[in-house]
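Reading the structure
Residue-level listing of the chains:
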Amino acid sequence: MSPTPPPVATTIDGLRARLDAERAAGRTVALVPTMGSLHEGHLALVDRAAALADEVVVSIFVNPLQFGPSEDYDRYPRDLTADLAALSGRGVSVVFAPTVAEMYPSGPIDTRVSAGAVGEILDGASRPGHFDGMLTVVAKLLMIATPDVAVFGEKDAQQVFLVQRMVADLDVPTRIDVVETVRASDGLALSSRNAYLSPEQRAAATVLHRALVAARILHERGEASGDALRGEMRRVLATEPLARTEYVSCADARTLLELERVEGPALLSLAVLFGTVRLIDNEPLG
Ligand code: PAF
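Residues numbered from 1 in each chain as written. Predicted model: local features only at pLDDT ≥ 70, side-chain atom pairs only at ≥ 80, totals over all residues. Heavy atoms only, no water.

Brief notes about the environment of Pro173
Which entries qualify depends on this criterion: Strands here are runs of E lasting at least two residues and helices are runs of H or I lasting at least four, both read from the DSSP assignment and numbered beginning at the N terminus. Exposure categories follow from relative accessible area, calculated using a 1.4 Å probe and restricted to protein chains: below 20% of the type maximum is buried, above 50% is exposed, and the middle band is partly exposed. Residue contacts are counted whenever heavy atoms from the two residues lie within 4.5 Å of one another.
Tracing the chain through its elements places Pro173 in the loop between α7 (157-169) and β6 (175-179). The class of Pro173 is exposed, set by a relative accessible area of 75%. Considered as a pair, Pro173 and Ser126 are 47 residues apart in the sequence and their alpha carbons are 32 Å apart. Those residues in contact with Pro173 that sit more than four places away from it in its chain are Pro147 and Asp148.

This is the structure we're talking about:
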């Protein structure tokens with residue numbers, strides 16, 4: 001017999017009532033914010049959440065605030081039935097799946113959490129407003145669920161950086177936990193957007209991880225120049241005709257600002273287009 005899917009709360013009041021009862025019974029709560037289209041990467045976040053708290057809430061909400069006008073909001077894959085099936089038997093207490101009207105009853109809200117200058121570099125450079133929209137919905141979700149811990153994936157390193165900074169800056173009483181990127185056997189980081197790739201693009205997309213690994217190996221052999229490490233990533237990406245490099249970065253992991261030399265914790269990251277499909281990946285150094 002297949003396990004039953006977790007219950008779904010579609011309203012803020014419904015979710016709060018449920019979680020208030022759990023908290024009154026002394027139980028802790030973990031939140032895994034997602035936009036659905038769940039894959040093994042999300043399930044690793046759910047498993048971590050289940051290990052960290054008594055109750056696991058998975059939110060599934062494709063947040064219009066974080067998509068630009070020419071981005072894939074309308075075609076972003078949505079399949080709640082498949083997502084609930086994927087979450088069955090994973091120890092999820094409740095799935096929070098609100099409508100856009102439930103989250104934004106008066107339409108797009110003017111109040112936004114600003115990601116500041118870091119929201120305008122790397123992914124933010126080609127996605128204006130994306131990180132403000134992301135932080136705004138994460139702040140709302142944290143205030144709705146008031147979890148003890150919220151779990152995010154390392155693949156979205158800039159998102160993790162900004163969420164951690166928001167929680168610190170605004171004294172949000174939720175701990176942020178980060179789970180390592182889950183990869184396909186050929187190295188491609190799992191992402192809901194991989195579903196958009198043609199078979200040829202899917203094969204070519206392994207170049208992201210190959211470029212990161214090449215730069216990491218160069219660094220392990222003693223290369224500390226930021227330009228040399230960025231150059232190595234560009235060199236490997238250029239070997240793949242279907243890949244169009246948007247950016248490569250070798251940044252200070254504590255600021256996300258580009259480094260001249262790697263002398264402390266650093267983050268290699270990149271964004272690459274395959275046709276209109278934009279993929280990102282990263283590799284921490286040190
Ligand atoms: O990473 C995502 O899926 C989204 O940015 C998040 C954190 C669920 C906010 O919409």
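Concerning the pairing of strand β2 (residues 29-34)
Definition in use: When the strands point away from the viewer, a crossover counts as right-handed if the path from the first strand over the helix to the second runs clockwise. Pairs of strands are assigned from DSSP output, requiring at least two bridges between the strands.
Of all six residues that make up β2, six are buried, and the element is covered over most of its length. As a crossover connection, the stretch from β2 through helix α2 (residues 40-52) into strand β3 (residues 55-60) is right-handed. Bridging between β2 and strand β5 (residues 149-153) involves two bridges; their strand directions are parallel. Looking across to β5, one finds that Ala30 is bridged to Val149.

Describing the environment of Thr111
Structurally, Thr111 can be placed in the loop between α4 (100-103) and α5 (123-126). Residues Thr111 and Thr136, 25 residues apart in the sequence, show an inter-C-alpha distance of 8.1 Å.

Some remarks on unusual backbone geometry
Positive phi outside glycine occurs at Leu122, with the angle close to 50°. You can see Leu122 is positioned in the loop between α4 and α5. A relative accessible area of 12% means that Leu122 is categorised as buried. The backbone of Leu256 sits at a positive phi, close to 65°, despite the residue not being glycine. Turning to its location among the elements, Leu256 is positioned in the loop between β7 (244-252) and β8 (266-274).

Section: the site of the ligand
The condition that has to hold: Any residue with at least one heavy atom within 4 Å of a molecule or strand is counted as near it. Between N or O atoms, a polar contact is any pair within 3.5 Å; within protein, one atom must be a potential hydrogen donor and the other a potential acceptor, and residues adjacent in sequence are included only when both atoms are from side chains. Using a 1.4 Å probe, the Shrake-Rupley method yields the accessible areas, and only the shown protein chains count as cover for residues. Each residue receives one of three labels: charged for Asp, Glu, Lys and Arg, nonpolar for Ala, Val, Leu, Ile, Met, Phe, Trp, Tyr, Cys and Pro, and polar for the others, Gly being one of them.
Around the ligand, the structure places Pro33, Thr34, Met35, Gln66, Met134, Val137, Val138, Phe152, Asp156 and Gln159. Between the ligand and Gln159, the relevant distance is 2.7 Å, taken from an oxygen atom to a side-chain nitrogen or oxygen of the residue. Against a free-state accessible area of 280 Å², the protein chains account for coverage of 89% of the ligand. Among the elements that line the shell around the ligand, the one with the most residues is helix α6 (residues 130-145), at three residues. Broken down by class, the residue content of the shell around the ligand amounts to six nonpolar, three polar and one charged.

Quick word on α7
The criterion, for reference: Expected span of a helix, by definition, is 1.5 Å for each gap between consecutive residues, and there is one gap fewer than residues.
Counted at 1.5 Å a residue, the expected span for α7 with its 13 residues is 18 Å, and the 18 Å between its end C-alpha atoms agrees. Among the residues of α7, those classed as buried are Ala157, Gln158, Gln159, Val160, Phe161, Leu162, Val163, Met166 and Val167. Tucked inside the fold, the buried residues of α7 contact α5, α6, β5, β6, β8 and β9 (277-285). Directly beyond the C-terminal end of α7, a positive phi value near 55° is found at Asp171.

Some words on the layout of surface pockets
As a reminder of what qualifies: Only protein atoms enter the 1 Å grid used here. Points where a 1.4 Å probe fits but cannot escape make up a cavity, open sets with protein on both sides within 12 Å along at least five of seven lines make up a pocket, and a residue lines them when an atom lies within 4 Å of a point. Grid points are joined across faces, edges and corners, and a volume is the space filled by probe spheres set on the points.
Here the second largest pocket is characterised by a volume of approximately 260 Å³. The wall of the second largest pocket is formed by 15 residues, among which Glu154, Ala157, Val160, Ala253 and Leu267 lie closest to the centre. When residues in the lining of the second largest pocket are grouped by element, the largest group, four residues, is from α7.

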